Amino acid sequence: MSASRLRVAVLASGRGSNLQALIAARDAGTLPVDLVAVGSDKDDAGALQLAKKAGIPTFSLDPKAFARRKDFDFELFRRLTATGAQALVLAGFMRIIDGAALAPWVGRMINIHPSLLPKYRGLHTHRRALDAGDTEHGASVHYVTAELDGGPVIAQARIDMVPGDDESALAQRLLGFEHQLLPAVLALMADGRIDFIAPNRVALDGKLLDAPLQLRNGTLVD
Ligand code: GRF
């Protein structure tokens, strides 16, 4: 742990392959962050096991233990603040978060979403892209705002549809690119190169982006 590295907490509800990609990039030295905590709304999330194996402190909170959705959200952010995290990554965190609860983190919280936003906010993105007959698909990393999957997009990975693609083949192929995209965007954040510009823009090196960065050959390009 070094004082100058960005302290990052991750929230995940599922298997945690994107979390694993962050851990791998950190270990490889390409992602200069300290992963200070992994939190979940599911105590059996694979992500928590992966975190424990990597020696990252974990916690889980049961939504059913709270009378109101937003009580859970406020407690979640209270716990995250207590970890000393400076930035948050949602890596497959499958809950809609209360706008007032997340407000203090706007500009410091990113999410990975498996579609080329603004297309297909919400669930079943692969199926919806297939049903629409799209010729390309992709993943986006965006700043989290009160609008579900609606915050400004920082960067995207695009893939071509191939004949015979079904929902699971597509999801699997895209995942490999998600695993490059998320660490690459978090590295930009860790290096202080990107900023959220209210209400819905992104700046890279102090200059507003007209379009999301694109992942090409493992690198983000303007
Ligand atoms: C990924 O497809 C991500 O884009 C979406 O949820 C999935 C999480 O997968 N938000 P994993 O738990 O990181 O393997």
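Right above here is the structure, for reference.
**Looking at the site of the ligand**
- With respect to spatial proximity, the complete set of residues near the ligand consists of Arg15, Gly16, Ser17, Asn18, Gly92, Ile112, Pro114 and Glu178.
- Between Ile112 and the ligand, the recorded distance is 2.9 Å, taken from a backbone N or O atom to a nitrogen atom.
- Out of a free accessible area of 370 Å², the ligand has 87% covered by protein chains.

**What about the sheet that holds strand β12 (residues 219–221)?**
- In spatial order, the strands read β3-β2-β1-β4-β5-β6-β7-β11-β12; together these nine strands make up an open sheet with mixed pairing. Of all strands in the sheet, those with a lone pairing partner are β3 (58–60) and β12, marking the two edges. When strand polarity is set aside, the average angle formed by the axes of neighbouring strands in this sheet is 25°.
- Two elements, strand β1 (residues 6–11) and strand β4 (residues 87–90), share four bridges in a ladder whose sense is parallel. By the bridge assignment, Leu11 is partnered in β4 with Leu90.

**Focus: the packing of aromatic side chains**
- Counted according to the given criterion, the structure contains two aromatic pairs.
- A centroid spacing of 5.6 Å and a plane angle of 85° characterise the contact between Phe66 and Phe72, whose relative ring orientation is edge-to-face.
- Assessed through its relative accessible area of 24%, Phe66 is described here as partly exposed.
- Owing to a relative accessible area of 1%, Phe72 belongs among the buried residues under this scheme.
- Between Tyr143 and Phe196, the ring centres sit 5.5 Å apart and the planes meet at 75°, which makes this aromatic pair edge-to-face. With Tyr143 in strand β6 (residues 136–143) and Phe196 in strand β8 (residues 194–197), this residue pair connects regions lying 53 residues apart in the sequence.

Each value, and the rule that gives it
- Per chain, residue numbering runs from 1 following the sequence as it is written.
- pLDDT decides what is reported in this predicted model: residues at 70 or higher carry local features, side-chain atom pairs at 80 or more are listed and counted, and totals for whole chains, interfaces and linings draw on all residues regardless.
- The side-chain figures draw on all heavy atoms in the structure; neither hydrogens nor water molecules are used.
- Definition of nearness: a residue and a molecule or strand are near each other if at least one heavy atom of the residue lies within 4 Å of the molecule or strand.
- Pairing of N or O atoms within 3.5 Å defines a polar contact, subject to two protein rules: one partner must be a possible hydrogen donor and the other a possible acceptor, and residues neighboring in sequence count only if both atoms are side-chain atoms.
- Note on areas: these come from Shrake-Rupley sampling with a 1.4 Å probe, and a residue is covered only by the protein chains present in the view.
- For two strands to be treated as a pair, DSSP must find no fewer than two bridges joining them.
- Only runs of H or I of at least four residues qualify as helices and only runs of E of at least two qualify as strands under DSSP, and these elements are numbered from the N terminus.
- Orientation is described by lines fitted to C-alpha atoms, with helices fitted over the stretch in contact, and by angles between N-to-C directions that extend from 0 to 180 degrees.
- Only centres within 6.5 Å qualify two rings of Phe, Tyr or Trp (six-membered ring in Trp) as a pair; their planes then separate them into stacked at under 30 degrees, edge-to-face at over 60, and tilted for everything else.
- Think of it in three bands: with a 1.4 Å probe and only protein chains considered, a residue is buried below 20% of the maximum accessible area for its type, exposed above 50%, and partly exposed in between.

Just geometry here; none of it tells us what the structure is for.
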